[in-house]
Amino acid sequence: MEVFEYTRPMMHPEPGKFYQINPEEYEHPNPWKESFQQLYKGAHVKPGFAEHFYSNPARYKGRENMLYYDTIEDALGGVQEAHFDGLIFVHSGIYTDEWIYIESPITMIGAAPGKVADKVIIENTRDSTFVFMEGSEDAYVGYMTIRFNPDDKSAQHHNAHHCLEITVNCSPIIDHCIIRSTCTVGSAVCVSGQGACPTIKHCNISDCENVGLYITDHAQGIYEDNEISNNALAGIWVKNHGNPIIRRNHIHHGRDVGVFTFDHGMGYFESCNIHRNRIAGFEVKAYANPTVVRCEIHHGQTGGIYVHEKGRGQFIENKIYANNFAGVWITSNSDPTIRGNAIFNGNQGGVYIFGDGRGLIEGNDIYGNALAGIQIRTNSCPIVRHNKIHDGQHGGIYVHEKGQGVIEENEVYSNTLAGVWVTTGSTPVLRRNRIHSGKQVGVYFYDNGHGVLEDNDIYNHMYSGVQIRTGSNPKIRRNKIWGGQNGGILVYNSGLGFIEDNEIFDNAMAGVWIKTDSNPTLRRNKIHDGRDGGICIFNGGRGLLEENDIFRNAQAGVLISTNSHPVLRKNRIFDGFAAGLYSLNHILKG
């Protein structure tokens with residue numbers, strides 16, 4: 001179609017909608033004719049052609065109602081023509097330093113053969129290339145390259161200059177555009193102010209020397225199916241109550257973070273592919289509260305998601321994998337919700353909560369990570385529930401350096417090291433978890449690890465179900481500890497602990513071992529059907545054993561070796577297959 005230069009028909013079935021088709025795949029017999037009928041009322045910007053056109057009317061018979069201009073500014077000034085419906089075709093060429101301020105509902109589209117946007121280039125070296133102002137609520141710009149290319153690329157006044165600037169109370173459509181900025185300050189696209197609500201779709205915002213897309217000051221908008229890559233700063237910034245809808249964008253290979261929400265930024269991010277960014281795939285800071293749903297966040301050169309300095313956010317049903325650092329980092333009084341995600345195959349841990357981090361970690365599938373599935377440290381206190389934490393190359397949950405948290409109703413299994421580690425002054429509460437089938441210990445308290453372990457099922461570990469050592473003093477209540485290929489509970493090297501109302505059975509070695517200067521309290525436990533002894537106390541072990549039922553064990557119900565001095569009160573030791581109480585001391589204390 002010579003008038004428009006398109007290689008394939010450009011269809012325009014309704015305002016704000018353009019797309020090219022392959023003629024052989026189109027259902028109607030003559031798509032070129034249909035395209036012409038939909039487009040013919042437009043004006044054309046074709047430098048040097050207007051004079052030739054108007055001086056040769058006979059040659060261009062049939063085009064009498066068409067308008068031709070040499071510049072975009074002239075075409076915008078002609079919108080008052082009676083027969084002009086606001087449609088402007090910008091033909092092949094490079095258009096430099098035009099003053100393009102749009103404050104009416106015009107439609108501007110590139111017109112060129114081949115890949116249209118590559119052939120129609122609009123750039124500015126001094127000011128924003130396109131500025132949309134109030135009155136442009138139904139404007140459309142599509143199928144062109146839009147560049148901001150200043151001579152002094154770092155001048156601070158260019159912080160206010162952009163390829164696209166979309167201001168208050170306007171909602172233009174930007175479609176199939178290539179957007180490039182060589183300026184090292186500011187952003188390529190800036191959407192700011194109340195009522196700024198564009199639709200930006202099928203655009204490529206890449207190779208910019210600053211931020212790709214910046215949404216701020218209560219701006220909104222719909223951003224769909226865009227390619228955002230290799231930008232020097234964040235691919236997307238959302239700040240100061242900006243609240244966009246961002247769907248199916250491909251945000252990758254950024255030289256900084258993929259998406260950065262901060263200073264009360266919000267937004268709904270759905271089905272985006274965020275990967276291979278130099279810093280985190282998604283960063284949340286300073287009261288920002290985005291919702292991120294069904295995205296893939298992967299192969300980050302640092303972490304996947306980084307929430308810090310009182311950040312919030314809801315991260316729901318995402319796939320977070322193969323990041324160099326933790327899949328999710330939460331720190332400095334941040335309190336996000338991490339729900340229903342798959343967090344896997346990280347080069348470090350799955351979820352890392354530190355430095356007074358909070359958060360609800362719920363219903364996630366966390367597996368195959370090189371370090372702990374969940375790590376909690378330095379006064380952090382998350383809620384961790386209903387997760388599956390499994391098949392890690394390290395431990396399942398690691399709580400250390402005064403870590404806290406409520407950890408309940410999780411399934412922790414098949415990890416290479418301990419299912420749960422609690423150490424260095426930490427005090428978590430673990431309730432109603434299933435911790436099983438680990439290649440080492442089930443739950444391991446050491447170096448002053450404390451906390452509460454209650455109503456859990458702990459079973460089928462290669463080592464003991466629970467180990468307590470070196471000053472650790474947990475409260476262990478109402479658990480079932482069984483099926484271990486070693487002992488049920490091992491207390492050693494000055495371990496302590498209150499071990500009450502547990503059922504400990506069917507372990508390959510003693511139900512409870514107490515040794516090397518340890519001094520726990522055991523009350524009202526049922527210790528039975530062990531493949532070895534019930535309770536074995538040796539190498540200076542002590543402890544208070546009170547009101548326990550110890551029965552049907554293959555070896556002695558209670559074995560006390562030389563130099564061990566426990567206190568036994570009101571225990572019932574019965575139906576064993578060897579001695580009920582066997583002491584190697586000359587005098588049995590207690």
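Predicted model, so just to flag it, every value in this text is computed and none were measured. (Residues numbered from 1 in each chain as written. Predicted model: local features only at pLDDT ≥ 70, side-chain atom pairs only at ≥ 80, totals over all residues. Heavy atoms only, no water.)

Take the overall build of the chain next. Secondary structure summary: the chain contains 4 helices and 67 strands in total. Of all 590 residues assigned to the chain, the portion counted as buried reaches 57%. Relative to all contacts within the chain whose residues are 6 or more apart in sequence, the contacts with residues 24 or more apart total 49%. Element-wise, carbon and sulfur atoms account for 48% of the exposed surface of the chain, whose accessible area totals about 22900 Å². (Helix = DSSP H or I, 4+ residues; strand = E, 2+ residues; numbered from the N terminus. Buried < 20%, exposed > 50% of the residue type's maximum accessible area, 1.4 Å probe, protein only. Contact = heavy atoms within 4.5 Å. Areas by Shrake-Rupley, 256 points an atom, 1.4 Å probe, with all protein chains shown as cover.)

In the UniProt entry, the feature "domain: Carbohydrate-binding/sugar hydrolysis" (unreviewed entry) is given for residues 218–354 and 402–538. Annotation note: span residues 218–354, helix share 0%, strand share 44%, distance between end C-alpha atoms 31 Å. End C-alpha to end C-alpha, residues 402–538 measures 31 Å, and it is 0% helix and 44% strand. (UniProt positions renumbered as here; feature names shortened; annotations may be inferred.)

Its location among the elements puts Asn-548 in the loop between strand S62 (544–546) and strand S63 (549–551). When its relative accessible area of 0% is taken as the criterion, Asn-548 is described as buried. Setting aside its immediate chain neighbours within four residues, Asn-548 contacts Leu-522, Arg-523, Arg-524, Asn-525, Lys-570, Asn-571 and Arg-572.

Okay, the pattern of salt bridges next. One pass over the structure, following the stated rule, counts 29 salt bridges. When the shortest N-O distance is used, the salt bridge between Glu-317 and Arg-294 registers 3.4 Å. Of the two residues, Glu-317 is situated in the loop between strand S32 (314–316) and strand S33 (319–321) and Arg-294 in the loop between strand S29 (291–293) and strand S30 (296–298); the sequence distance between them amounts to 23 residues. Residue classification places Arg-294 among the partly exposed residues on the basis of a relative accessible area of 41%. Arg-432 serves as the salt-bridge partner of Glu-408, at 3.4 Å between the closest nitrogen and oxygen. Taken together, the residues span a long stretch of sequence, with Glu-408 in strand S44 (residues 406–408) and Arg-432 in the loop between strand S47 (429–431) and strand S48 (434–436) at a distance of 24 residues. Residue Arg-432 is classed as partly exposed on the basis of its relative accessible area of 38%. If you follow the salt bridges from partner to partner, you end up with Glu-408, Glu-409, Arg-431, Arg-432, Glu-454, Asp-455, Arg-477 and Arg-478 in one network. (Salt bridge = Lys/Arg side-chain N within 4 Å of Asp/Glu carboxyl O.)

Our next topic: the packing of aromatic side chains. Enumeration over the complete set of coordinates arrives at 28 aromatic pairs. Between Tyr-398 and Trp-421 the ring centres are 4.9 Å apart and the planes differ by 80°, which places this aromatic pair in the edge-to-face class. With Tyr-398 in strand S43 (residues 397–400) and Trp-421 in strand S46 (residues 420–423), this residue pair connects regions lying 23 residues apart in the sequence. Trp-421 shares its class with Tyr-398; the two are buried. With a centroid separation of 5.0 Å and 10° between ring planes, the pair formed by Phe-551 and Phe-574 is classed as stacked. (Phe/Tyr/Trp six-rings, centres within 6.5 Å; stacked < 30°, edge-to-face > 60°.)

A cluster of acidic residues, Glu-51, Asp-70, Glu-73 and Asp-74, forms a negative patch at the surface. The residue Glu-51 is located in helix H2 (residues 49–55) in this model. (Patch = residues over 30% accessible without salt bridge, like charges linked within 9 Å, V, L, I, M, F, W, Y side chains within 5 Å. Lys, Arg positive; Asp, Glu negative; His and termini not counted. Charge placed at Lys NZ, Arg CZ, Asp CG, Glu CD.)

Residue Glu-408 is classed as buried on the basis of its relative accessible area of 15%. Residue contacts for Glu-408: discarding those within four places in its chain leaves Val-384, Arg-385, His-386, Arg-431, Arg-432 and Asn-433.

Okay, the pairing of strand S28 (residues 282–285) next. Pairing of strand S25 (residues 259–262) with S28, which is carried by 3 bridges, proceeds in the parallel orientation. Pairing of Thr-261 across the sheet is with Val-284, part of S28. As paired elements, S28 and strand S31 (residues 305–308) share 4 bridges and run parallel to each other. Directly across from Lys-285, in S31, lies its bridge partner His-308. (Pairing = 2+ DSSP bridges.)

This part is about the nonpolar core. Core analysis: the biggest nonpolar cluster contains 125 residues, and Met-108 and Phe-130 have the highest contact counts within it. Among the elements that make up this core, the one with the highest residue count is strand S5 (residues 87–91) (4 residues). Discounting chain neighbours no more than four positions away, the residues touching Phe-130 are Ile-100, Ile-102, Met-108, Ile-122, Val-141, Met-144, Ile-146, Cys-163, Leu-164 and Glu-165. Residues Leu-417, Tyr-446, Leu-490 and Ala-510 belong to the second largest nonpolar core, which totals 13 residues. (Core = buried A, V, L, I, M, F, W, Y, C linked by side-chain atoms within 4.5 Å.)

For helix H1 (residues 31–39), the set of buried residues is Pro-31, Ser-35 and Leu-39. Taken down its axis, H1 places every buried residue within 60° of arc, on the same side. Those residues of H1 that are buried are in contact with strand S1 (10–14), strand S2 (17–20) and S5. (Arc of directions from axis to C-beta.)

The next point concerns the confidence of the model for the chain. In the predicted model, the chain carries a mean pLDDT of 94, and the fraction of residues at 70 or more is 97%. Below a pLDDT of 50 lies the segment residues 586–590, which in the model reaches 8 contacts outside its immediate sequence neighbourhood of four places, other chains included. (pLDDT = per-residue confidence, 0-100.)

For Asp-263, which is not glycine, the phi dihedral falls at a positive 45°. By secondary structure assignment, the location of Asp-263 is in the loop between S25 and strand S26 (268–270). In the Ramachandran plot, Asp-529 falls in the positive-phi region, its phi being about 55° despite a non-glycine side chain.

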